[in-house]
Amino acid sequence: MLESVRRSIGGRFARFHFRKSRDAAISFPYPIHSSATLLAVAPLHASEGIDIVARLLPLRDSFHEGMITIVADVPRHHIERALPRSHVITIEPKEVGQFFLPHKELFARLPLRRYDVAIDLNLDFLLPSAYICKESNAPLRAGFERQYADTFFNFLVRVHASSTQAQACDHLIACLHMFLAEKSV
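Here the residue numbers are simple positions, counted from 1 along each chain's written sequence. A pLDDT threshold of at least 70 governs which residues receive local features in this predicted model, and a stricter bar of 80 or more applies before side-chain atom pairs are shown or counted, although totals over entire chains, interfaces and linings include all residues. Note: side-chain values were computed over all heavy atoms of the structure, leaving out hydrogens and water.

**Overview of the sheet that holds strand S4 (residues 117-120)**
Logical step 1: Spatially, the six strands line up as an open sheet ordered S3-S2-S1-S4-S5-S6, and their pairing is parallel. Each of the sheet's edge strands pairs with one partner strand only, and the pair in question is strand S3 (87-90) and strand S6 (155-157). Across this sheet, the average inter-strand angle for adjacent strands is 15°, counted without regard to direction.
Logical step 2: Examined bridge by bridge, strand S1 (residues 38-41) and strand S2 (residues 68-72) share four bridges and lie parallel to one another. Its bridge partner being in S2, Ala40 is matched across the sheet by Ile70.
Logical step 3: Helix-sheet contacts for helix H6 (residues 127-135) involve S1, S2, S4 and strand S5 (140-144), and the interaxial angle to S4 is about 175°. Here, strands pair whenever DSSP counts at least two bridges between them. Each helix is a run of DSSP H or I of at least 4 residues and each strand a run of E of at least 2, with the numbering of both proceeding from the N terminus. A fitted line through C-alpha atoms represents every axis, and for helices the fit uses only the stretch in contact; the resulting angles, taken between N-to-C directions, go from 0 to 180 degrees. By the convention used here, residues are in contact when the closest approach between their heavy atoms is within 4.5 Å.

**A word on the packing of aromatic side chains**
Logical step 1: Pairing of aromatic rings covers Phe, Tyr and the six-membered ring of Trp, with a centre-to-centre limit of 6.5 Å; geometry is then stacked below 30 degrees between planes, edge-to-face above 60, and tilted otherwise. Tallied over the full model, the rule gives two aromatic pairs.
Logical step 2: Judged by centre distance (6.2 Å) and plane angle (50°), the rings of Phe107 and Tyr131 are tilted. Of the two residues, Phe107 is situated in helix H5 (residues 104-109) and Tyr131 in helix H6; the sequence distance between them amounts to 24 residues.
Logical step 3: Ring geometry for Phe125 and Phe152: centres 5.6 Å apart, planes at 45°, overall tilted.

**So, unusual backbone geometry**
Logical step 1: Notably, Asn137 is not glycine yet its phi reads approximately 60°, a positive angle.
Logical step 2: Here Asn137 shows up in the loop between H6 and S5.
Logical step 3: Even without being glycine, Tyr148 reaches a positive phi, approximately 70°.
Logical step 4: Among the secondary structure elements, Tyr148 is positioned in the loop between S5 and helix H7 (149-152).
Logical step 5: Only protein chains enter the accessibility calculation, which uses a 1.4 Å probe. A residue is then buried if its area is under 20% of the maximum for its type, exposed if over 50%, and partly exposed in between. Assessed through its relative accessible area of 39%, Tyr148 is described here as partly exposed.

**Regarding the side chain of Ser86**
Logical step 1: By the secondary structure assignment, Ser86 is in the loop between helix H4 (77-82) and S3.
Logical step 2: Using a relative accessible area of 10% as the deciding quantity, one classes Ser86 as buried.
Logical step 3: At 2.7 Å, the side chain of Ser86 forms a polar contact with the backbone oxygen of Leu83. Residues adjacent in sequence count toward polar contacts only when both atoms are side-chain atoms; beyond that, a polar contact is any pair of N or O atoms within 3.5 Å, and within protein one must be able to donate a hydrogen and the other to accept it.

**Brief notes about the environment of Arg113**
Logical step 1: Structurally, Arg113 is set in the loop between H5 and S4.
Logical step 2: Considering only alpha carbons, one finds Arg113 and Met67, 46 residues apart in sequence, at a separation of 9.1 Å.
Logical step 3: Dropping the residues within four chain positions of it, Arg113 is found in contact with Thr37, Gly66, Met67, Ile68, Thr69 and His87.
Logical step 4: One polar contact links Arg113 to Thr69, side chain to side chain, over a distance of 3.4 Å.
Logical step 5: For Arg113, the side chain forms a polar contact with the side chain of His87, separated by 3.3 Å.

**Here we look at the packing of helix H1 (residues 2-17) against H6**
A pair of packed helices is captured by two measures, namely the crossing angle of their axes and the spacing between those axes.
Logical step 1: The geometry of H1 relative to H6 is characterised by a closest axis approach of 11 Å and an angle of 10° between their N-to-C directions. In terms of orientation, H1 lies roughly parallel with respect to H6. Note on element contacts: H6 touches H1 through Leu127, Tyr131 and Glu135, opposite Arg7, Gly10, Gly11, Ala14 and His17.
Logical step 2: Under the grouping applied here, Gly and all other residues not named as nonpolar or charged are polar, the nonpolar ones being Ala, Val, Leu, Ile, Met, Phe, Trp, Tyr, Cys and Pro and the charged ones Asp, Glu, Lys and Arg. Taken together, the residues of the contact of H1 with H6 break down into three nonpolar, three polar and two charged. Every angle not falling under 35 degrees, over 145, or within 65 to 115 is termed oblique; those three ranges are roughly parallel, roughly antiparallel and roughly perpendicular.

**Thoughts on H1**
Logical step 1: Given a rise of 1.5 Å per residue, 16 residues ought to cover 22 Å, and the 22 Å separating the end C-alpha atoms of H1 matches this to within 8%.
Logical step 2: Taken residue by residue, H1 has Gly10, Gly11 and Ala14 as its buried positions. The arc enclosing the buried residues of H1, seen along the axis, measures out at 100°, which places them on a common side. Facing away from the buried side of H1, by more than 90 degrees, are the exposed residues Leu2, Arg12 and Phe16.
Logical step 3: Buried residues along H1 sit against H6 and H7. Helix span is expected to be 1.5 Å times the residue number reduced by one. Arc definition: directions from the helix axis to the C-beta atoms.

Written out as structure tokens, the structure is:
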């Protein structure tokens with residue numbers, strides 16, 4: 001119960017923090033078509049066993065590998081081996097506060113660049129990953145449709161309740177990839 005209260009307080013603080021933040025209207029496929037940088041937040045529960053590399057490979061063809069940043073909760077050496085020029089940032093437990101909001105130290109470790117696309121691959125709404133995506137100021141922030149998700153994302157994908165984490169991630173990537181395919185034209 002105490003955890004849900006802390007999570008609620010953190011959510012309220014985040015919504016207050018971003019209250020004046022307004023997203024410009026975007027026209028597809030322009031924002032993705034001209035994209036150069038990607039921020040992807042991997043599922044923050046390593047025990048789920050999702051193969052994040054297989055999910056990100058379709059995006060590797062649309063972004064230069066050196067312009068992909070992946071945020072994960074544990075060291076994921078298989079990502080670094082599969083995508084050697086991408087940046088993999090590990091969230092340290094001390095970098096997430098008691099109200100589930102990331103500290104500035106985490107953002108200081110992210111590569112200093114403007115992100116064009118930020119995606120959250122967490123099926124459940126997790127405040128740290130949603131906050132990271134919103135704070136990136138990416139013009140296109142994609143995530144799954146959940147309560148309060150519209151505060152943090154401007155591209156929401158609805159998944160069936162029976163979908164697994166892997167199926168949901170595949171669906172999100174496929175939705176984005178429809179627009180990314182336009183880039184090569």
